[in-house]
Amino acid sequence: MFAKTGKYLLILFAILEALMATKFQNVFGPFVSPLIFLGCSISLALLYMRVSGYADLYTYGNSAIKVPTVVSVLLFAASGCIILFSLRKIFVHDMPLKDAAAVSDVIPQIIELTRRFVHGGMPYAPIEFSGYTLYPTYLPLQWLPYTIAELAKIDYRWVPVVFLWLSCTHHFLTAKPYRQRSIYNVLAALWPLLLWGLLIKNDSDNFGITVESLVASYYLFTANAIKRGKIMPITIGLCLTLLSRYAIIFWVPCLLAVVSWNKGSVVAVKMVAAVLVAFVLIYWLPFMRHDSRIFLKGYAYHSAAALGEWGHIDRHGRPMHLYNGLGMAAFAHQFFPLSDLQQRLHYYQLLHIFLCVATVIGLTWWYRNNKLNISSERFLLFSLKIYITVFYVFIQIPYKYLFITPLLLTSVLLADAFGPTREISVSERSGFVG
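Everything numeric in this text was worked out from a predicted model, so none of it was measured.

**Q** Go over unusual backbone geometry, please, and point to the residues and values.
**A** Positive phi, normally seen in glycine, also occurs at Asn26, with a value near 65°. By secondary structure assignment, the location of Asn26 is in the loop between α1 (2-20) and α2 (32-51). Look at Lys153: it is not a glycine, yet its phi comes out positive at around 60°. Relative to the assigned elements, Lys153 resides in the loop between α7 (147-152) and α8 (158-175).

Shown next as structure tokens:
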């Protein structure tokens, strides 16, 4: 009976999580709102672990209202069209590329890196903007795909749109709404598009001046690869995520430990080797061999920029991005007993790293003691959701656009929970599907 209740609670927490990052963002103030958002995300992950894999959940989902396959496909197509037309309006009429480039240095940095690369220059050299010099902070797969836009002479912002749409399509197909056809399974399959549309409707400017959808598409693909339990796609996902935004890096040892315990250390070593080869081919040979301190210089600039945001006071007398109701940085800014702002930021950065590492160690230890009673794929999805939530909620600058990534991970948890699953025997719990 809990599985039936859990079905509704999963949907409820997914909706609340999405609303706390959109319509209800900061509605309870900068200190309570992030706590509620964190609570919703963690509760959703815990609930997923509690109910996923139960035969009852599939039974209740399978007995729900049936959605014809053609209807689910039409809903997917209609949602995609609405999103594309909405984004076209933003890109063409509301915020043309030149206007977006004047508001934020995100797109100008990507344009400069891409054009230097296309024309044979060194991308990772200081970029001179009006009034300041920026050292590039983006990893290669965060900007290399934009060579498509540069060569095709199209708006750069269509590149992340295409990548995320492809990842949403992949999610829809792997969720298999055409097989089970329950309203819950179809909802889970459509969740990335529904969430994407909600984010656009709530804050269209973010999609005009930022391009985080590209990174989010990598994480959505990786999570779906984990759900399927296939080593090769998981390894590809690792390469995409690690060479775009390194948020996932502290969680990688947890993944490797689980793979090693279930598939053998040789498989884990092969995954590491593949990532290292990708690093050498995509990052070291073309860029880092010319300057081995590229990454460290970028990280140092990012830290300096963070201090600037912590000291950038708005008309209310506080840093806008810290008090946006999504992250815990406001607590450190307001309550850390240090008069020096740089020290407050430094200790908060250390706290962030400690919490990320402690979360991964705790999750890995828990799995080590319970691995015979749990599916490795489900644990990895659960742990990734928990870890990414902690990483972003406690990040030093909780920019709103960053949160599309942890929000999209919910889609995969829902798809797995409401997918065509069955009760898993003890002998099957410890290994990957293939």
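That covers the picture; the talk isn't over yet.
**Q** Tell me what's going on with the nonpolar core, and back it up with residues and numbers.
**A** Leu10, Leu87, Trp143, Trp196, Trp251 and Phe379 are the most contacted members of the largest nonpolar core, which has 134 residues in total. No other element matches the 12 residues that helix α19 (residues 376-393) contributes to this core.

**Q** Would you mind going over the confidence of the model for the chain in detail, with residue names and values included?
**A** For any part of a model where pLDDT is low, the fine detail of the predicted coordinates should not be relied upon. Residue-level pLDDT values for the chain average 91, and 93% of them are 70 or greater. Under a pLDDT of 50 for its full length, residues 55-61 has, in the predicted model, 21 contacts with residues more than four places off or in other chains. Between residues 422-430, whose pLDDT stays under 50, and residues either more than four places distant or in other chains, the model counts 22 contacts.

**Q** So, the packing of aromatic side chains: which residues are in play, and what are the values?
**A** Tallied over the full model, the rule gives 31 aromatic pairs. Between Tyr124 and Tyr283, the ring centres sit 6.1 Å apart and the planes meet at 50°, which makes this aromatic pair tilted. A residue pair is termed long-range when its members are at least 10 positions apart, and Tyr124 in the loop between α6 (106-118) and β1 (127-129) and Tyr283 in helix α15 (residues 265-288) qualify at 159 residues. We note that Tyr124, like Tyr283, is buried. Measuring from ring centre to ring centre gives 6.2 Å for Phe331 and Phe335, while their planes differ by 45°; the resulting arrangement is tilted. Of this pair, Phe331 and Phe335 both sit in helix α17 (residues 329-335), four residues apart, which is roughly one turn of that helix. Three or more aromatic residues link up through ring pairs in this structure, and these residues are Phe117, Tyr124, Trp143, Phe279, Tyr283 and Phe287. The ring of Trp261 is capped by Arg368, whose NZ or CZ atom sits 5.1 Å from the centre of that ring.

Conventions we followed
Residues numbered from 1 in each chain as written. Predicted model: local features only at pLDDT ≥ 70, side-chain atom pairs only at ≥ 80, totals over all residues. Heavy atoms only, no water. Helix = DSSP H or I, 4+ residues; strand = E, 2+ residues; numbered from the N terminus. Core = buried A, V, L, I, M, F, W, Y, C linked by side-chain atoms within 4.5 Å. Buried < 20%, exposed > 50% of the residue type's maximum accessible area, 1.4 Å probe, protein only. pLDDT = per-residue confidence, 0-100. Contact = heavy atoms within 4.5 Å. Phe/Tyr/Trp six-rings, centres within 6.5 Å; stacked < 30°, edge-to-face > 60°. Lys NZ or Arg CZ within 6 Å of the ring centre and 35° of its normal.

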